[in-house]
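Below are the chains, spelled out letter by letter.
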Amino acid sequence: MTNPWPSVWSSERCKVHDLQDEEGNAAQQLYERSAHLPIWTGQPLKSSYIRDVLNGNPELPPGGCRDRLHVQLAELKEEAQAANPNEVGTAAESNEDGTAAEPKEDGNAAEPAALIELYRGYPGERDLYIGLFAVDPSQRGQRLGSELVEGIIRLAAERSYHTVRAAVDLKNWGALRFWIGCGFKEAVKVSGDREHGGDAFARIELACRLGGEAAAR
């Protein structure tokens, strides 16, 4: 059995917590602003993604169970908000999924900076799988995504996971640079169309090996 994932954790600039019902609209808007473009995946964005998660009907890996899925929101800490003018970044991290920033709706709640979907124990019992990692376009170019990934790797190592994995669309060059730069340097799986073409799509699964697993290779 995998170790439980924390419902609340922090990085240097962010507070991360499990998605709550009242955050559904903000989370769905962030997903639609930030998730992978159909031109890279061949699939449309899912208008019911967050609703399905909150209703207990999320997409799961083969043989998966809901108890192992964690959908979390990251928000900037107050001191980070004060230091951050909330401008759109232009560095490599801004290419992670390629969408442009859109005006945000006014509201009293803090706007989420990132949306993270994690699954414990896939494909192996000691693997942690990042199913979705979406940083708000207005927060890119500041290494916020890298900081959050570093936090995920640290927590995974503390919980005796052997690898952290993430699947990346092969046409998404910015995301490939991002994940390789975060230490996901081992290709473990390729899926999708077998032949290259404008209407063909494929994904590569990258792994970051932790602790003794990394040393043994």
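Visitor: What should I look at first to understand the state of the cysteines in this one?
Guide: Under the criterion given, the structure shown has zero disulfides. No disulfide involves Cys208; its sulfur sits 8.8 Å from the nearest other cysteine sulfur, which is in Cys182. You can call Cys208 buried: its relative accessible area is 8%.

Visitor: Before we go on, may I ask you to explain the environment of Arg126 in this structure?
Guide: With respect to the helices, strands and loops of the structure, Arg126 is situated in the loop between strand E4 (114-120) and strand E5 (127-135). The spatial distance from the C-alpha of Arg126 to the C-alpha of Val164 is 8.9 Å, given a sequence separation of 38 residues.

Visitor: Can you help me understand the nonpolar core in this one?
Guide: Most often, soluble globular proteins keep nonpolar side chains buried together rather than apart. Counting 36 residues, the largest nonpolar core has Ile130, Phe133, Ile152, Trp179 and Phe184 as its most contacted members. Within the residue set of this core, elements represented by two or more residues are strand E2 (14-18), strand E3 (69-76), E4, E5, helix H5 (144-158), strand E6 (163-169), helix H6 (173-181) and strand E8 (202-209). With seven residues, H5 is the single largest residue contributor to this core. Sequence-distant contacts of Phe184, that is, excluding residues within four places in its chain, are made with Ile130, Val149, Ile153, Val164, Arg165, Ala166, Trp179, Leu206, Ala207 and Cys208. Leu73, Leu115, Tyr122 and Ala134 belong to the second largest nonpolar core, which has 18 residues in total.

Visitor: Whenever I open this one, the confidence of the model for the protein confuses me. Can you help?
Guide: Low-confidence regions, as indicated by low pLDDT, have predicted coordinates that should not be scrutinised in detail. When the pLDDT values of the protein are averaged, the result is 85; 84% of them are 70 or greater. Across residues 87-108 the pLDDT falls below 50, and counting only partners more than four positions away or on other chains, this stretch makes 64 contacts in the model.

Visitor: Can you help me understand the pairing of E3 in this one?
Guide: Within a regular strand, the side chains alternate between the two sheet faces. Taken across its eight residues, E3 has eight buried, putting it largely inside the fold. The two faces of E3 match: Leu69, Val71, Leu73 and Glu75 on one face and His70, Gln72, Ala74 and Leu76 on the other face are all buried. As judged from the five bridges shared by E2 and E3, these two strands associate in the antiparallel manner. Bridge pairing in E3 places Val16 opposite Ala74. Bridge analysis of E3 against E4 gives six bridges, and the strand direction is antiparallel. Within the sheet, the bridge partner assigned to His70 lies in E4 and is Leu118.

Visitor: Can you help me understand the packing of aromatic side chains in this one?
Guide: To describe a pair of aromatic rings, one takes the distance between the centres and the angle between the planes. Taken as a whole and judged by the stated rule, the model has seven aromatic pairs. Considering the side-chain rings of Tyr31 and Tyr49, the 4.7 Å spacing of their centres and the 25° angle between planes classify their relative orientation as stacked. Linking Tyr31 in helix H1 (residues 24-34) with Tyr49 in helix H3 (residues 49-54), this pair joins segments that are 18 residues apart in sequence. The exposure class assigned to Tyr31 is buried, which follows from its relative accessible area of 8%. Here Tyr119 and Tyr122 contribute two aromatic rings whose centre-to-centre distance is 6.5 Å and whose plane-to-plane angle is 85°, an arrangement assigned as edge-to-face. Residue classification places Tyr119 among the buried residues on the basis of a relative accessible area of 6%. Within the aromatic cluster, the residues linked to one another by ring pairs are Phe133, Phe178, Trp179 and Phe184. The side chain of Arg159 reaches across the aromatic face of Trp5, ending 5.9 Å from its centre. Above the plane of the ring of Phe201 lies Lys171, whose end atom (NZ or CZ) is 4.5 Å from the centre.

Visitor: It is not clear to me how the side chain of Gln72 should be interpreted in this structure. Could you clarify?
Guide: Along the chain, Gln72 falls in strand E3. A distance of 3.3 Å separates polar atoms of two side chains, one belonging to Gln72 and the other to Trp5. Separated by 2.9 Å, the side chains of Gln72 and Trp9 make a polar contact. Each residue touching Gln72, except ones within four places of it in the same chain, is listed here: Trp5, Pro6, Ser7, Trp9, Val16, His17, Asp18, Leu19, Ala114, Leu115, Ile116 and Leu118.

Visitor: Just to check I follow, could you spell out unusual backbone geometry for this structure?
Guide: Most peptide bonds take the trans form, and the phi angle of most residues other than glycine is negative. In this structure, the amide linkage connecting Tyr122 to the following residue, Pro123, adopts the cis form with an omega of 0°. Among the secondary structure elements, Pro123 is positioned in the loop between E4 and E5. Of note, Arg143 is a non-glycine position whose phi angle comes to about 65°, a positive value. Residue placement: Arg143 occurs in the loop between E5 and H5. Using a relative accessible area of 48% as the deciding quantity, one classes Arg143 as partly exposed. Even without being a glycine, Ser160 presents a positive backbone phi close to 65°. By relative accessible area, which is 41% here, Ser160 ends up partly exposed.

Cut-off values and rules
Residues numbered from 1 in each chain as written. Predicted model: local features only at pLDDT ≥ 70, side-chain atom pairs only at ≥ 80, totals over all residues. Heavy atoms only, no water. Disulfide = S-S within 2.5 Å. Buried < 20%, exposed > 50% of the residue type's maximum accessible area, 1.4 Å probe, protein only. Helix = DSSP H or I, 4+ residues; strand = E, 2+ residues; numbered from the N terminus. Core = buried A, V, L, I, M, F, W, Y, C linked by side-chain atoms within 4.5 Å. Contact = heavy atoms within 4.5 Å. pLDDT = per-residue confidence, 0-100. Pairing = 2+ DSSP bridges. Phe/Tyr/Trp six-rings, centres within 6.5 Å; stacked < 30°, edge-to-face > 60°. Lys NZ or Arg CZ within 6 Å of the ring centre and 35° of its normal. Polar contact = N/O pair within 3.5 Å; in protein donor to acceptor, adjacent residues only side chain to side chain.

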